[in-house]
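So you can see what is in the structure, the chains are spelled out below.
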Amino acid sequence: MEHQRIRQLDGLRGLAALAVVVSHCANAGLIPEIFGKGFGKMGVALFFALSGLLMGRLYLDRPFTGRDIWGFAISRIARVLPLYYVVLLLGLIFGLSFDGAPEGLSWGSAALDSALLWRGNGVLWSVPVEMQFYLAFLALWCIVRLLHLSFVQVVLCALTAQALWIAEGGHELLRDWGETLPLWIHLFLFGLLLSRIPDHSRARLSRALDHGLPPATGFFLVALLPLALPELRRQVGLPVMHNAIDPISVGVPVALLFLAFIESRGLGWLASRPLRTLGALSFGVYLVHLPILSLIQRTALVEVSPALAALAVAVLSVLIAAGLHVLVERPAQRAIKGAAQRAPTPCTGNCPAP
């Protein structure tokens, strides 16, 4: 089934990338610290939920055949790995050239974990978690399509199992392991659940919601985001849990995703060209902004104007991400998909005779 493109989701992806950049600039002392220490992970949570939504809309209605599995694997590899490994390599070269390179972009066990996609350590922690979700998604896709089980029931069982695991303190056992899929999988699953809402139902939901809410609701929600900032809540004495299980840190991104998914009138500004462009470059911005931040911190600009240094980080991240999109991402994706089309395609079920 072909789904229409939802432009608000493109803009929301750009907003998530901006949250990550802002958070790391705050952690570096360039802007007020209330924008750091967990705000970036709210952006990552939004990325995870968006990923689940995209995977559900693209693949869950397809049959689970060798051809479709092959297409899924090639598409995900081409989308994530070329730019990831280029930035990882450049980061390691950066780490040899400068002291104080970000963790995971300097030689050491964290860099090895990142390269092997083994676990989420260092600044690129979310990419191994994302790749692990793709493997989990294949299992879910298989269960739903081949065993003819209810998708919603399977997802609810997975969410229940995760909740029980967290309630029993299972996540504490993985504290030294870094960020892992079991801790974040509910974000992907929320996105998958949203993907099951058909387009005609999205339209009805949007009309019903917009009828009862003023047009400025979307701006109001974003204006309330500072109240959700983990560090601000800590400073006023409110309890803050790990980002993956904190109700506010999870609830706000999921609420924004839902409103953007149904194309609520209050979030129509997310479909603006600047945010959609930033959304198209979001993966590159996410990957390159910390090395750029490390370089900017070594300049006199930090002493002259920390806020201007933060702006420089954001602008340079977008510009370099745009260059990498043209020079690395798109050529690599074309090359990988072209090679995959020329290769023999695996098949399952009724395969043609040789």
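Located above this text is the structure these notes cover.
This one's a predicted model, so the numbers in the text were calculated from it and none came from an experiment. (Residues numbered from 1 in each chain as written. Predicted model: local features only at pLDDT ≥ 70, side-chain atom pairs only at ≥ 80, totals over all residues. Heavy atoms only, no water.)

(A) Helix 17 (residues 306-342), seen in detail. The end-to-end C-alpha distance of helix 17 is 51 Å, a good match for the 54 Å that 37 residues give at a rise of 1.5 Å each. Within helix 17, the axis deviates most sharply at H325, by approximately 45°. (Helix = DSSP H or I, 4+ residues; strand = E, 2+ residues; numbered from the N terminus. Expected span 1.5 Å × (residues − 1). Bend = angle between axes of the 7 residues up to and from the residue.)

(B) Local environment of the nonpolar core. In this structure, V127, F137, W184, L257 and L287 are the most contacted members of the largest nonpolar core, which totals 89 residues. Residues within four places of F137 in sequence aside, it is in contact with M55, G56, Y59, L60, F72 and L192. Counting five residues, the second largest nonpolar core, distinct from the first, contains A19, F39, M42 and L229. (Core = buried A, V, L, I, M, F, W, Y, C linked by side-chain atoms within 4.5 Å. Buried < 20%, exposed > 50% of the residue type's maximum accessible area, 1.4 Å probe, protein only. Contact = heavy atoms within 4.5 Å.)

(C) Region of the structure containing the environment of L229. With respect to the helices and strands, L229 occurs in the loop between helix 11 (225-228) and helix 12 (230-235). Look at L229 and you get buried, because its relative accessible area is 1%. Taking the C-alpha atoms as reference points, L229 and G38, 191 residues apart in sequence, are found 7.4 Å from one another. Ignoring sequence-local partners within four residues, the contact set of L229 consists of I34, F35 and F39.

(D) Fine view of the environment of I6. As for its position among the elements, I6 is in the segment before helix 1 (7-27). Taking the C-alpha atoms as reference points, I6 and A260, 254 residues apart in sequence, are found 8.2 Å from one another. Discounting chain neighbours no more than four positions away, the residues touching I6 are R57, R202, A260, F261 and E263.

(E) Local environment of the packing of helix 2 (residues 39-59) against helix 8 (residues 181-195). Packing of helix 2 against helix 8 leaves a shortest axis separation of 7 Å and a crossing angle of 40°. As far as their axial angle goes, helix 8 and helix 2 are oblique. Two packed elements cross with a definite hand, and for helix 2 against helix 8 that hand is right-handed. Across from K41, A45, F48, A49, S51, G52, L53, M55, G56 and R57 in helix 2, the residues of helix 8 making contact are W184, L187, F188, G191, L192, L194 and S195. Of the residues assigned to the contact of helix 2 with helix 8, the class counts are ten nonpolar, five polar and two charged. (Axes fitted to C-alpha atoms, helices over the stretch in contact; angles between N-to-C directions. Parallel < 35°, antiparallel > 145°, perpendicular 65-115°, else oblique. Left-handed = near helix turned anticlockwise from the far one by under 90°. Nonpolar A, V, L, I, M, F, W, Y, C, P; charged D, E, K, R; others polar.)

(F) Highlighting helix 13 (residues 247-261). The end-to-end C-alpha distance of helix 13 is 20 Å, a good match for the 21 Å that 15 residues give at a rise of 1.5 Å each. E263 sits one or two residues past helix 13 and shows a positive phi near 60°.

(G) Representation of the side chain of Q162 within the structure. In this fold, Q162 is placed in helix 6 (residues 151-167). Other than its neighbours up to four places away in sequence, Q162 contacts P182, L183, W184, I185 and H186.

(H) Local environment of the side chain of R233. Looking at the secondary structure, you find R233 in helix 12. If we ignore the near neighbours within four places in the chain, the residues touching R233 are L227, A228, L238, P239, V240, D246, I248 and S249.

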